[in-house]
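# A look at the structure
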Amino acid sequence: EAPAETETEAPATSHEHTRTGMSKASLKQAYIDNLFYIQGRFREVATPHDLYMAAAFTVRDRMLERWVKSAQVYKSSRARTVCYLSAEYLLGPHLANNLVNLGIAEVAQRAGEELDLDFKAILEEEEEPGLGNGGLGRLAACYMDSLATVQIPAIGYGIRYEFGIFDQIIEDGWQVERSDTWLRNGNPWEIPRPKISFPVMYGGHTEHYRDQAERPRVRWIPDMVISGVAYDTPVLGYGVGNVNLLRLWKAEATESFDFQTFNVGDYYGAVHAKIEAETISKVLYPNDDPEAGKELRLKQQYFFVSCSIQDMIRLHLNTVGPLETFHEKFVAQLNDTHPAIAVAELMRLLMDDHAVTWDDAWATTRATFCYTNHTLLPEALETWSVALFERLLPRHLEIIYEINRRFLDEVRVRYLGDEERVARMSLIDEAGGRRIRMAHLAVVGSRAVNGVAALHSELIKTTLLKDFYEMAPERFHNVTNGVTPRRFIVVSNPRLAELITEVCGHDRWIRDLDSLRELEAHADDPKLQARWREVKTAAKRDLAVWLKRHAGVLLDPQTMMFDIQAKRLHEYKRQHLNVLHIIRVYQRLKQNPNLGMVPRAFIFGGKAAPGYYMAKLMIKLINAVAEVINNDPQVNGYIRVAFMPDFNVKNGQRLYPAADLSEQISLAGKEASGTGNMKFSMNGALTVGTLDGANIEIREEVGAENFFLFGMTAEEVRRKQDEGYRPWDYYHGDQELKSDIDLIASGLFSHGDTNLFRPLTEHLIHQDPFMVLADYRAYLECQDRISTVYDRPAEWDRMSILNVARMGKFSSDRSIREYAERIWSIEPQPLGA
Ligand code: CBF
């Protein structure tokens, strides 16, 4: 980049220069051009959205050259490519991230200042694509960032939902859902590819026949055909020239208007097919775990899988050639079971459309797919009724039956006479209404299976997929999740990023997170500690301003510890355990107003699935407790409670930098990994957590002395369950616990209504499936220790610095490298920035 003075003067002359130039002058010129030629505006009349669009196009232009180059190189080198099949991508805003990955964040900001633009306001203007529910979708987005950064050729395939995850507003303490109209003002990051479109079939029947060579073949005669059209978004790696492709499919009618129907006077009938087709990519299912039996959901899954596999076959035939080498060109990662139907779809396409024999098709299929499991919760394990399959995907049902028949024969030969095992391993659950077990289909059709944290991968082997593990242990792996430090440190916490760079003397850590270890040597330095604290306080101040405005709660960033739990609302995540602690502190303060405790802001964020009553009631409870506490002058100098509305990627980026304490308090064995735990810790929050998911590995990395551990282990949980867990005994055995639950039941938090929270309190006392009561006492004691340590700033700051210093393992770059080496056998294809 040229020195500032010459830069300002240098006019951006050539066309190419304004499209690709990275200097301040080119950026300014490009911005003005884009505002004029794309938005059709000049400065004086431009809306904030116009200003954002011009910025987005300016940045996108600079990615396109790299994108085309990447595609050319990948094509000519016939690079092996990862296809990530995911029903969800929780992408978050693109603009700031792309600026960072292009390496032009600072120069763009200066260009903006010279154009008298409010840079922050422009970033805020972006509507985020919320095409996912939570951890799984956000993981897919982090992996897209890391695939490009570690220079692995990749295509992310998914659905271009017209409505993403609902917007959450809080009314009278309750969650209210509003549809997410993220596309209403256009999406500058995507490029529609109307020519890349595939037919997707549903329903009808199959015909078995012999082809000219007398080979047995099958033809599927559907009763509905729609089109999937590609919408492409470039994904640029950090500090590299590699740009990968995120290809999302939009459902369209094959013919938008049925003239025949129209001509007989049925106008509505004439557009019906169009509406029915477009419904398929209309809306994301807002459940963290799938709701069984939803026909549209199965249609969605098959829709994007079919388009993606057809696209992969097209690319292969265009670049490499014979389908025998398909699995050498592509490896396809199934992100949970949502895309598991891909196993049957690849078989179908190879056999029915390309005349490949069963054995060859099966060899190719098994060599192509790998499957990641993301949960052990029984309600989240997908099964589909055979009847639904028969109606919607008759050909796939035949294929699944045949896969199952052959597979169970292998099981029988291996385990002579063990019919119970055969029934357990079958792809079809025969007990009570026949259902297809999608996890079994994914396992049988894949060459590798992995869990997402060490404990979770162990539990997969010993519980969920025990029989499969016994049969083929070499196919089971663990790849602990990671998150991208670009978005979750550099973009969301620039002050911390700057301080780290200064202390380390380089910014290499952004691509090599292990080098954060260099911070360790400075952990006791009082000067660094003071600055570290300033950075944290500044982030807390930003969050406090935001929460004042959007939640109406006043928090003191200077004196209060910011104690944050932000994640989907779910009983297993135990937000109610957190609430019981708050109520305990409240009662203590009421009994002794001169307690002299460390002031705390208890901050929550998260959405509840719209149909999950208990989760919605927990949101109400948090807000109800907040109302009482925040308005009680006897306590509100010490404690306050805030619920951040609409926790999404953008709002998460406000929370992570501002947390002193990160709540990771799920019942051990229930949270497969968690990734919020990593985001908080990377931003210097200390964790209070159970030995669950990736918490275990975070604790191992940062050191037990820098992690606040409490609660039962997964093994203890299992034993307690086996013995017969009786929450009633805990309730009656602990006076404080009883009085905290009784206070909720008393109506204090519900304006005297003793019924409102009864479902929650009664459920806790009598069922408590996630053992809140069993872990209550240990949690409280741990929280007391936390307050003591927070009161010793030098100790706390040291722990915080060490947490950040030791987070290298949790970069998604590390996860992707592990997938590349151990699971995908794929080499990077470096392209210079
Ligand atoms: O692996 C990513 C995340 O996936 C989930 O969100 C999921 O949807 N199954 C899990 O609940 C998380 O533990 C996990 O981190």
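The numbering scheme is per chain: residues are counted from 1 as the chain's sequence reads. Per-residue local features are limited, in this predicted model, to residues with pLDDT of at least 70; the limit for side-chain atom pairs, both in listing and counting, is 80 or more; totals at the level of whole chains, interfaces and linings are taken over all residues. The side-chain figures draw on all heavy atoms in the structure; neither hydrogens nor water molecules are used.

### Observations regarding the nonpolar core
- We define the nonpolar core as a collection of buried residues of types Ala, Val, Leu, Ile, Met, Phe, Trp, Tyr and Cys that are connected through side-chain atoms lying within 4.5 Å of one another. For each residue, the accessible area found with a 1.4 Å probe, counting protein chains only, is set against the maximum for its type, and the residue is called buried under 20%, exposed over 50%, and partly exposed in between. In this structure, Tyr202, Phe303, Ile309, Phe389 and Trp824 are the most contacted members of the largest nonpolar core, which totals 145 residues.
- Helical segments are the DSSP runs of H or I of at least four residues, strand segments are the runs of E of at least two, and each set is numbered from the N terminus. With 10 residues, helix H4 (residues 48-76) is the largest single contributor of residues to this core.
- When residues of this core are assigned to domains, at least three fall in each of domain 1 (16-68 + 103-117) and domain 2 (78-93 + 128-481 + 817-824).
- Counting residues in each nonpolar core, the second largest holds 73 residues, with Ala624, Met712, Leu756 and Met771 among its members. Domains are outlined according to an automatic or database domain assignment.

### Structural notes on the packing of aromatic side chains
- Pairing of aromatic side chains requires ring centres within 6.5 Å, counting the rings of Phe and Tyr and the six-membered ring of Trp. Pairs whose planes differ by under 30 degrees are stacked, by over 60 edge-to-face, and all others tilted. Scanning the model with the defined rule gives 20 aromatic pairs in all.
- Taking the centre distance of 5.7 Å and the plane angle of 45 degrees together, the rings of Tyr725 and Tyr730 count as tilted.
- Judged by its relative accessible area of 27%, Tyr730 is partly exposed.
- Both rings, one in Tyr790 and one in Trp796, keep their centres 4.8 Å apart while their planes meet at 85 degrees; by these two values the pair is edge-to-face.
- Looking at Trp796, the relative accessible area reads 2%, which means it is buried.
- Site record: aromatic cluster; members linked through ring pairs are Tyr84, Tyr143, Tyr819 and Trp824.
- The rule is short: NZ of Lys or CZ of Arg within 6 Å of the ring centre and within 35 degrees of the ring normal puts a charge over the ring. Arg160 extends its terminal NZ or CZ atom over the ring of Tyr231, reaching a point 3.9 Å from the ring centre.
- Above the ring of Phe166, the side-chain terminus of Lys607 is found at 5.5 Å from the ring centroid.

### Here's the deal with the pairing of strand E1 (residues 81-85)
- In terms of residue burial, E1 counts as a mostly covered element, since five of its five residues are buried.
- At least two DSSP bridges between two strands are needed for those strands to be called paired. Of the strand pairs in this sheet, E1 and strand E12 (residues 330-335) are connected by five bridges, and their pairing is parallel. By the bridge assignment for E12, Cys83 is matched with Ala332.
- In terms of strand pairing, E1 meets strand E4 (residues 154-159) through four bridges, oriented parallel. Within the sheet, the bridge partner assigned to Cys83 lies in E4 and is Ile155.

### Examining the site of the ligand
- Close contacts around the ligand come from Gly135, Leu136, Leu139, His374, Thr375, Val452, Asn481, Tyr572, Glu671, Ala672, Ser673 and Gly674, and that covers them all.
- Here a polar contact is recorded for every N or O atom pair within 3.5 Å, except that within protein the pair must consist of a potential hydrogen donor and a potential acceptor, and residues adjacent in sequence are included only if both atoms are side-chain atoms. One of the backbone nitrogen or oxygen atoms of Gly674 is found 2.8 Å away from an oxygen atom of the ligand.
- Here the ligand loses 92% of its free accessible area of 350 Å² to cover by the protein chains.
- When residues are grouped by polarity, Ala, Val, Leu, Ile, Met, Phe, Trp, Tyr, Cys and Pro land in nonpolar, Asp, Glu, Lys and Arg in charged, and all others, Gly among them, in polar. Looking at the shell around the ligand, its residues break down into five nonpolar, six polar and one charged.
- Lining the shell around the ligand are residues from two domains, each supplying at least three of them: domain 2 (78-93 + 128-481 + 817-824) and domain 3 (485-810). Throughout, the term near means that a residue has one or more heavy atoms lying within 4 Å of the molecule or strand in question. Reported accessibility uses the Shrake-Rupley method at a 1.4 Å probe radius. Residues are deemed covered only where the shown protein chains occlude them.

### Here we look at the domain arrangement of the protein chain
- Along its sequence, the protein chain is organised into domain 1 (16-68 + 103-117), domain 2 (78-93 + 128-481 + 817-824) and domain 3 (485-810).
- For domain 1 and domain 3, the distance between their C-alpha centroids amounts to 40 Å.

### Things to note about the sheet that holds strand E14 (residues 383-385)
- Spatial ordering of the open sheet is given by E14-E16-E15, a layout of three strands whose pairing is antiparallel. The two strands at the open ends of the sheet, each matched to only one other strand, are E14 and strand E15 (428-429).
- Direction of pairing for E14 relative to strand E16 (residues 435-437): antiparallel, over a ladder of three bridges. In the strand pairing of E16, Trp384 is matched with Ile436.

### Some thoughts on the sheet that holds strand E10 (residues 224-236)
- Taken together, the nine strands give an open sheet; going across it, the order is E7-E10-E11-E4-E1-E12-E13-E17-E18, and neighbouring strands pair in mixed fashion. At either end of the open sheet lies a strand with only one pairing partner, and these are strand E7 (191-202) and strand E18 (476-478). The mean angle between the axes of side-by-side strands here comes to 25 degrees, regardless of whether they run parallel or antiparallel.
- Taken together, the three bridges between strand E13 (residues 369-372) and strand E17 (residues 448-451) define a ladder with parallel strand orientation. Its bridge partner being in E17, Cys370 is matched across the sheet by Ala448.
- Helix H8 (residues 135-149) rests against E1, E4, E10, strand E11 (243-253) and E12 of the sheet, and its axis sits at about 55 degrees to E10.
- Sitting on the sheet, helix H14 (residues 358-368) is in contact with E12 and E13, with an inclination near 40 degrees to E13. Between N-to-C directions, angles cover 0 to 180 degrees, with each direction set by a line fitted to C-alpha atoms, over the stretch in contact for helices. Contacts between residues were defined by any pair of non-hydrogen atoms, one from each residue, lying within 4.5 Å.

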